[in-house]
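Chains, contacts and geometry: an overview
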Amino acid sequence: MNTILSKSPGSEIKEHISYRGQLKRSAITTGPGLVWLVLLLLIPLAALGVISFLSRGDYGEIQLPFTLENYKRLLGFGLLGFDSLYPAILLRSLALGAGTALICVVTGLPLAFFISRLPARFKTPALTLVIIPFWTNLLIRTYAWQILLAPESWLTRFVHAIAIGNVGDPLYPGTFAVAIGMVCDYLPFLVLPLYASVEKLDWSLAEAAMDLGANRMRVFRHALLPQIMPGLIAGTIFVFLPATGQFVIPDLLGGAKTVMLGNAIQQQFGQSRDWPFGSAIAFVALALVMVGLWLYARKSQGKGGPDLL
Amino acid sequence: MSLNFIAALLYLFLYAPLAVVIVYSFNAARFGAGWSGFTTKWYGALWENSLALSATKNTLLLAVSSTAIATVLGTMLGYGMNRFRFPGKALFGWFLYVPVFIPDIVMAVAMLLFYSLLRKWCSLFELGLTTMILAHVTFQIPFVAIVVRSRLVGLDPALEEAAGDLGANEWQTFRHVTLPLILPGIVAGGMLAFTLSLDDFVVSFFTSGPGATTLPILIYSSVKRGITPDINALSTLIVLASIAGTVVVTLLQRTKKV
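1. A short note on the side chain of B:Arg83
All names here are of chain B. Along the chain, Arg83 falls in helix α3 (residues 50–83). Looking at Arg83, its side chain comes within polar contact range of the side chain of Asn82, at 2.8 Å. Among the polar contacts listed, one links the side chain of Arg83 to the side chain of Glu160, at a separation of 2.8 Å.

2. A word on the interface of chain B and chain A
With 92 residues of chain B in contact, the opposing surface of chain A contributes 87 residues. Together, the buried faces of chain B and chain A total about 8300 Å²; carbon and sulfur atoms form 79% of this surface. Put simply, chain B and chain A have 2 salt bridges between them. As a salt-bridge pair, B:Lys224 and A:Asp251 come within 3.3 Å of each other at their nearest N and O atoms. Inspection of the chain B/chain A interface yields 11 residue pairs in polar contact (both at pLDDT 80 or more). Per-element tally for the side of chain B that touches chain A: the top contributor is helix α1 (residues 3–24) of chain B, with 15 residues. When grouped by side-chain class, the residues that make up the side of chain B that touches chain A number 70 nonpolar, 13 polar and 9 charged.

3. Remarks on the packing of aromatic side chains
The full count for this structure, using the stated rule, is 24 aromatic pairs over all chains. Ring centres of A:Phe113 and A:Trp203 lie 6.1 Å apart, and the angle between their planes is 75 degrees; this geometry places the pair in the edge-to-face category. Residue A:Phe113 is located in helix α3 (residues 85–116), and its partner A:Trp203 is located in helix α8 (residues 203–211); the two are separated by 90 residues in the primary sequence. Three or more aromatic residues joined by ring pairs form one cluster here, namely A:Phe247, B:Phe201, B:Phe205, B:Phe206 and B:Tyr220. Cation over ring: A:Arg73 sits above A:Phe277, and NZ or CZ is 3.8 Å from the ring centre. Sitting over the face of the ring of A:Trp203, A:Arg117 holds its NZ or CZ atom 5.3 Å from the ring centroid.

4. A few points about a nonpolar patch on the surface
A surface patch of nonpolar side chains, about 510 Å² in accessible area, is lined by A:Val50, A:Phe53, A:Leu64, A:Phe66 and A:Leu68. Using a relative accessible area of 56% as the deciding quantity, one classes A:Phe66 as exposed.

Parameters and conventions
Residues numbered from 1 in each chain as written. Chains lettered and ligands numbered in written order. Predicted model: local features only at pLDDT ≥ 70, side-chain atom pairs only at ≥ 80, totals over all residues. Heavy atoms only, no water. Helix = DSSP H or I, 4+ residues; strand = E, 2+ residues; numbered from the N terminus. Polar contact = N/O pair within 3.5 Å; in protein donor to acceptor, adjacent residues only side chain to side chain. Contact = heavy atoms within 4.5 Å. Buried area = accessible area lost by both parts, 1.4 Å probe. Salt bridge = Lys/Arg side-chain N within 4 Å of Asp/Glu carboxyl O. Nonpolar A, V, L, I, M, F, W, Y, C, P; charged D, E, K, R; others polar. Phe/Tyr/Trp six-rings, centres within 6.5 Å; stacked < 30°, edge-to-face > 60°. Lys NZ or Arg CZ within 6 Å of the ring centre and 35° of its normal. Patch = residues over 30% accessible without salt bridge, like charges linked within 9 Å, V, L, I, M, F, W, Y side chains within 5 Å. Areas by Shrake-Rupley, 256 points an atom, 1.4 Å probe, with all protein chains shown as cover. Buried < 20%, exposed > 50% of the residue type's maximum accessible area, 1.4 Å probe, protein only.

Put into structure tokens, the structure is as follows:
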């Protein structure tokens, strides 16, 4: 069962307890956590939403009147006519998220199949090797690429030697470095749910397709792909959503041309001190993630995708 | 290209960053990417680095206290959500997943904003370790609750019924039957919460104040100024701790199945 988005299982409810009794017990058990999350998450997010409709004072303070100016500016219709800066940031975030997800799919598929075809005693170590980077601090894995992609590093020299990109162009900072950092950080997010699907594959379907004369491509497309689709979709979502809202990776590996939603938010809450506008960007980022999640929940309902946790 | 070759390349790709940090932590050169001999002096320097020591202390203090609170609240929440009804439960069940998927930075600025609004009335919300603990507990609770709840789902109801038939009241049943059965789930949820707290940079960065630097914040600000070998030494220790932790958990899971 898909635990993360499924409704709470009804069979476990203690039906013999009266409605008042249920309420009382809920208040004791669920109550404290619920109150905590309402006070420290729901209200702050609501405040963020309200402030996104307010204005910035001359000294960076938050003030009335209510306005749609922040959202207009985000869409490019600022006070000074059309400005593509923020629409570009929005599109770039989506594109980088989608691009990362795509590269992770292309690289994650062979890795998941490789692990599933290993002899049983090597599977756990091979999988653990994927999990270790997943549990290692993202900041460390990201700044390491600054060393690896430095102009004088052997990797940079090698890449230039086989003439990818213009010789002499630095590999870092820039879009290339951000993409490398993102794929390296998010590959385990895709491989883990995908592997769960690949491991359960019914290979007899592939054999049947082969017996019927299908080539390797068609076997994969028609006999294997439909079976691993739930894991593939779940993995793609796990990469795409957090990658779109990433802040650390573009901050450490990118430059002015790779500003993403996360960096724009930080800028407004930091140097620019325009909290209402920063709130509007944050709110849009949140909306993007929630809509994506909702679409996934609707599509995967009852299809039995892998557990998200 | 064979599958094995592609897989080898991908493992190399995943481990190159970890390897380079470890190798460079033994590099005698203070600046640049050139290699100028093997040394362990950066590890010795860490012990005298009061910033690194206090950041380690803050990180552990933050992780331990937030995990303790979140494990208790999250366990109660997971149990209550599994067993009892209340109006608006389906909606709240959905809301529980918001902290799981929300971009870190959105949660971070929402907290920053909220604390700054509260500070107008109450000085308790001055940015520091307290505000960081409050923030960490907030993103930890749902993870613990979800893990505990999934453990409860797999439980055989007959065990609790038997306890009831034998005269145990509700609390006794919970204390002596349910709690020991879901303990592995609580431990797993707590470890997840602990790791999330140790790893967190973004939420900590926005909700920390002067004197409340954690290891991720220290690494970030050092990297912003330019990577130095002692930061590589510190990162190497963190990487080795993560590897050890993951391996231990994997081994524990394996022995449990047998």
